[in-house]
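# Notes for the structure review
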Amino acid sequence: MRAVERGEADASSFFAGPTSRSAARTGSPRPAGPGAPSPGVAPAGRPGAAPAGPGQSAEVARAEVGGGHPGHPAGGADVPGADGPADLDRAPAPPGQPGAPGVGRAAGSPRAGAPGGGGAPSGVAAHGETAGQAGDGSSGAAAGGAPGPAAELDQARQVLASGGAPEHLAEQVVRTLGERAAPLLREDPWQLLAVPGVRPEQADGFARALLGPACGPDDARRSRALVTWLLERAALEGHTARESATLRDALTRHSVPDPDQALRDTVAEGAVLVFQDALETPGAAPAVTDEEAEQPVRVLLGLDRYALAEESLADGLARLINTFEPADAEPAAPTTDGPASDAGTEAAPEVPTWEALAEAAPSPSAAELIRAVAAHGAVTHSGGESARAEPVALVFAAHARGLRAYAAAHTDDGRRRLAAALADGGLPATLAVTVTGLVAGTEGPGRDAEGALALDLLAVLDAPQLDVESAAILVESLADGARLVLSGDPGVLWSAGPGRVFADVVAARACPQVVSRTPDPGPIGELVSGIGIGELQQVEAPGKEVVIVPVRDAGEAVHRTVQLVADSVPRAFGVPVPDVQVITVGHGGAVGTRALNVALKERLNPGPGRFGGFDPGDRVAYAVAPGRTVTGTVTSAEPDGLRLDCGGDDVLVPRARVADALRHGWAVTAHQAAGRRWPAAVAVLPGDTGPLLTRSWVYTAFSRGARHLSVVHGAGQALPHAVAEVPAAERTTRLRTLLRAPDTTG
């Protein structure tokens with residue numbers, strides 16, 4: 001479904017008529033340099049962003065990205081199931097025709113269901129593991145915080161009842177649409193699509209009940225809501241924009257009589273933005289053509305929040321690159337994280353040069369990374385689990401140079417492992433942070449007087465897990481001249497949120513790239529390395545580091561999984577049960593997280609679920625924020641909520657969040673497991689994995705066990721096929737185009 005629009009004649013139809021907030025922008029590059037402003041954007045000097053051309057609007061002002069929520073849920077590679085990619089293939093009964101159901105809490109809701117789902121079917125995607133989030137109103141209405149006063153809730157209930165919708169949706173409606181929810185719904189019933197869990201056929205039934213004969217499939221309000229809903233669904237699949245042909249096809253399936261006009265109207269209303277991105281041949285430099293010659297382009301439509309985030313991220317990366325200063329402008333003596341000592345009392349110790357530090361590095365790849373960072377403001381670093389030691393070596397080198405250097409991980413587990421590595425070398429464990437904690441100010445150095453993070457160098461590990469919004473917030477928080485290293489394993493699953501930041505930055509070649517030559521050791525490392533290049537090979541495992549357990553059906557898969565976790569792995573390898581993690585494809589189905597967790601709880605910690613379905617000793621997965629899940633064990637219950645032990649950290653799950661943010665966690669999805677490691681992992685491959693089994697899923701799941709990997713294998717030939725032929729689900733993004741530097745070779 002990656003249809004491409006070629007030529008300005010096709011694209012021009014989207015710019016006919018008046019425009020409001022819409023922007024028609026090209027992806028052609030513009031010169032980068034400090035102080036080069038973009039339309040409506042603070043000067044940043046971003047390579048790859050073009051000024052508005054003839055007939056194009058540049059009136060979209062840049063929003064403050066910092067107000068977004070890091071890790072807005074998206075992705076969806078862990079879903080066996082029902083909803084399909086962005087729901088583009090469903091064709092509900094249009095309004096005005098019999099058969100369109102009324103409104104209820106939709107079981108495949110993109111915004112409902114925590115890890116394990118709370119009643120959601122197998123179609124709930126990996127990002128759905130963080131249910132209960134409010135999300136933006138698809139109509140552009142202001143989202144409220146807590147539900148409004150009783151009067152507003154009563155009004156919302158009345159409108160819902162008039163349309164035949166369940167009154168219990170009132171709180172969600174007010175939370176999503178704001179205090180004017182009731183009049184908004186009366187004026188435009190399809191705004192109900194902005195509410196988590198509501199599907200188009202349900203919104204159609206609601207509109208038909210309120211509008212009567214005036215309701216029809218060609219209603220402009222319906223088209224606008226559908227386009228926005230489709231783009232929200234696409235974001236849940238990881239896309240930051242969608243091609244116009246894809247949206248036209250989807251609108252046709254939803255019985256919109258004139259999809260082209262619907263898209264034009266939606267753009268004119270400012271509900272979505274439209275872009276023209278020049279087509280490029282992979283691996284080739286942009287062609288130099290006559291200005292009047294027709295240039296092949298693809299027409300993309302997207303929601304402004306993701307468009308602004310991608311552009312802000314591109315600007316921020318260019319700012320770091322262009323404001324970088326030479327090494328001789330750095331501090332002349334090592335700094336400390338404590339109070340400054342009295343000046344002049346002692347002679348400053350000699351500061352080692354970057355080259356001397358590189359020569360003393362623990363590996364050739366670490367030396368290469370240190371040299372690259374010495375000379376550049378932004379660097380990408382790729383490698384497997386063993387390569388994580390290289391950014392750690394960089395942090396040691398930077399501190400020896402007197403720089404304020406920190407290392408950030410995606411998960412608390414990653415932070416703890418980084419902290420241990422830094423502490424082993426004599427640096428404070430507090431130099432290891434999570435990206436979320438760093439941006440929020442709960443971890444790391446805090447902010448300087450200008451609001452930037454008070455650091456000189458930041459190495460971000462697990463960079464493939466950065467979604468576009470959290471990456472934009474992070475980069476915007478770095479001061480001019482700071483160094484940024486984006487480090488990660490390119491073989492793992494992409495972020496749970498929209499975008500593919502790390503892959504796009506690498507593909508754009510906007511900064512130097514260091515590829516580690518440090519292999520992951522042992523049979524598991526050998527197996528995973530082969531998977532990374534599309535080869536599923538048998539490895540020698542004399543210590544049974546890798547064990548394949550064939551199964552014939554779902555029942556046997558569940559039985560063998562429980563047996564491995566409760567008995568076989570602990571007995572054979574001395575790994576305690578809490579250190580054995582099960583990873584499966586999705587939440588639903590006969591071998592999803594829900595089914596496996598039921599069986600594992602019955603065997604490992606049987607109990608009545610006295611506290612919201614949980615008992616002390618239950619292993620759980622807690623959706624702290626959209627796209628961010630932590631694992632732990634229930635230790636106690638108290639009036640305010642459930643108390644968890646998450647790797648030694650004491651965490652309280654508020655009582656109001658237990659139902660929608662907490663799920664049993666003996667079994668998790670690969671997206672939930674990304675960025676974490678356990679002594680032993682059990683990867684479960686049921687026979688009905690379908691297209692959701694990809695090389696990146698296999699790579700991620702198989703690389704989570706440090707000492708042992710058991711594979712409960714019921715997928716047959718689907719496994720080698722996925723490794724060899726299905727590298728990853730495609731995502732449509734614009735960051736690579738925005739970062740693409742101009743070709744000056746002539």
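Scroll up for the structure.
Sequence order as written defines residue numbering, which begins from 1 separately in each chain. Given that the model is predicted, a residue must reach a pLDDT of at least 70 before its local features are reported, and side-chain atom pairs must reach 80 or more before they are shown or counted; all residues, however, enter totals for whole chains, interfaces and linings. The side-chain values count all of the structure's non-hydrogen atoms but skip hydrogen atoms and water molecules.

Each pair of strands is called paired provided DSSP finds at least two bridges between the two strands. The secondary structure listing takes helices from DSSP runs of H or I that are at least 4 residues long and strands from runs of E that are at least 2 residues long, numbered from the N terminus. Read across the open sheet, the six strands follow the order β7-β6-β8-β9-β5-β10; overall the sheet is parallel. With partners counted over all chains shown, the strands left at the sheet margins are β7 (432-434) and β10 (513-515), one partner each. The sheet shows a mean angle of 20° between the axes of neighbouring strands, direction not considered. Relative to strand β8 (residues 457-460), strand β6 (residues 405-409) is paired through four bridges, and the arrangement is parallel. Each residue of the ladder has a partner; that of Tyr406, found in β8, is Leu458. Of the strands in this sheet, β6 and β7 are in contact with helix α13 (residues 412-424), which crosses β7 at around 170°. Fitting a line to C-alpha atoms yields each axis, with helices limited to the stretch in contact; the angle taken between N-to-C directions then spans 0 to 180 degrees. Whether two residues touch is decided by their heavy atoms; if any such pair falls within 4.5 Å, the residues are in contact.

Before going further, it helps to spend a moment on α13. Turn by turn, an α-helix covers 3.6 residues, leaving residues three or four places apart pointing in a common direction. Helix length check: α13 (13 residues) gives 18 Å between terminal C-alpha atoms against 18 Å at 1.5 Å per residue, within 8%. For every residue, the accessible area obtained with a 1.4 Å probe (protein chains only) is divided by the maximum for its type, and the residue is called buried under 20%, exposed over 50%, and partly exposed between those limits. Taken together, the buried positions of α13 are occupied by Asp412, Asp413, Gly414, Arg415, Leu418, Ala419 and Leu422. For α13, the elements touching its buried residues are α12 (389-400), β6, β7, β14 (628-638) and β16 (649-654). One or two residues past the end of α13 sits Gly426, with phi positive at roughly 95°. In this scheme, a helix's expected span is set at 1.5 Å multiplied by one less than its residue total.

With that settled, consider helix α18 (residues 554-573). Take the seven residues that end at a residue and the seven that start at it, fit an axis to each, and the angle between those axes is the bend at that residue. The sharpest bend along α18 measures roughly 50° and falls at Leu564. Of all the residues in α18, the buried ones are Glu556, Ala557, Val558, Thr561, Val562, Leu564, Val565, Ala566, Ser568, Val569 and Pro570. Buried positions along α18 lie against β11 (546-550), β12 (580-584), α19 (593-604), β19 (678-685) and β20 (705-713). Just beyond α18, the residue with positive phi is Gly574, at close to 70°.

Once that is clear, we can look at the environment of Gly377. By the element assignment, Gly377 lies in the loop between α11 (364-375) and β5 (378-382). Along the primary structure Gly377 and Ala318 are separated by 59 residues, whereas in three dimensions their C-alpha atoms are 9.3 Å apart. When neighbours within four sequence positions are excluded, Gly377 is seen to be in contact with Leu320, Phe324, Ala482, Arg483 and Leu484.

Below, the discussion takes up the pairing of strand β9 (residues 483-488). Most of β9 is tucked away: six of the six residues are buried. Taking every second residue as pointing to the same face, both faces of β9 are buried, with Arg483, Val485 and Ser487 on one and Leu484, Leu486 and Gly488 on the other. Across five bridges, β5 lies against β9 in parallel orientation. Its bridge partner lying in β9, Thr380 is registered against Leu486. Pairing between β8 and β9: four bridges, direction parallel. Pairing of Ala459 across the sheet is with Val485, part of β9. For the crossover that starts at β8, traverses helix α15 (residues 468-476) and ends in the parallel β9, the hand is right-handed. Clockwise travel from the first strand over the helix to the second, with the strands pointing away from the viewer, marks a crossover as right-handed.

The axes of two packed helices give the description: the angle between them and the distance between them. Across the interface, α11 lies against α12 with an axial gap of 9 Å and an inter-helix angle of 50°. Classified by the angle between their axes, α11 and α12 sit oblique to one another. As for how α11 packs across α12, the hand of that crossing is right-handed. Between α11, through Ser365, Ala366, Leu369, Ile370 and Val373, and α12, the contact on the second element is made entirely by Glu390, Pro391, Ala393, Leu394 and Ala397. The classification used treats Ala, Val, Leu, Ile, Met, Phe, Trp, Tyr, Cys and Pro as nonpolar, Asp, Glu, Lys and Arg as charged, and all other residues, Gly among them, as polar. Considering only residue class, the contact of α11 with α12 consists of eight nonpolar, one polar and one charged. The labels follow the angle: roughly parallel below 35 degrees, roughly antiparallel above 145, roughly perpendicular from 65 to 115, and oblique for the rest. When the near helix sits turned anticlockwise from the far one by under a right angle, the crossing is termed left-handed; a clockwise turn instead gives a right-handed crossing.

Below, the discussion takes up the sheet that holds strand β15 (residues 641-646). With respect to topology, five strands assemble into an open sheet ordered β16-β15-β14-β13-β17, the strand pairing being antiparallel. A strand with exactly one partner marks an edge of an open sheet, and here the two such strands are β16 and β17 (662-664). The mean angle between the axes of side-by-side strands here comes to 45°, regardless of whether they run parallel or antiparallel.

Here the focus is the nonpolar core. Joining through side-chain atoms within 4.5 Å is the link that ties buried Ala, Val, Leu, Ile, Met, Phe, Trp, Tyr and Cys residues into a set, and such a set is a nonpolar core. Core analysis: the largest hydrophobic core is formed by 114 residues, its most contacted members being Leu160, Val173, Leu313, Trp354, Leu458 and Leu484. Residues within four places of Leu160 in sequence aside, it is in contact with Ala165, Pro166, Glu167, Leu169, Ala170, Val173, Leu185, Leu192 and Phe206.

Mapped onto the fold, Arg619 is located in strand β13 (residues 619-625). It turns out Arg619 is buried and unbridged, and the closest side chain with the opposite charge, Asp579, is 6.7 Å from it. By the criterion applied in these results, polar contacts are pairs of N or O atoms within 3.5 Å in which, for protein atoms, one can donate a hydrogen and the other can accept it, and in which residues neighboring in sequence qualify only through two side-chain atoms. At 2.9 Å, the side chain of Arg619 and the backbone oxygen of Val577 are in polar contact. Polar side-chain contacts of Arg619 include one of 3.0 Å to the side chain of Gln581. With residues near it in sequence (within four places) discarded, Arg619 still touches Val577, Pro578, Asp579, Val580, Gln581, Gly632, Thr633, Arg663, His664, Gly665 and Trp666. Positive: Lys, Arg. Negative: Asp, Glu. His and the chain ends are not part of the count. Salt bridge, as used here, is a side-chain nitrogen of Lys or Arg placed within 4 Å of a carboxyl oxygen of Asp or Glu.

The next point concerns the pattern of salt bridges. Taken as a whole and assessed by the stated rule, the structure comprises 32 salt bridges. The salt bridge partner of Asp649 is Arg416, with a shortest N-O separation of 3.2 Å. In this pair, Asp649 is assigned in strand β16 and Arg416 in helix α13, connecting sequence segments 233 residues apart. Across the pair Arg643 and Glu638 runs a salt bridge whose closest N-O atoms are separated by 2.8 Å.

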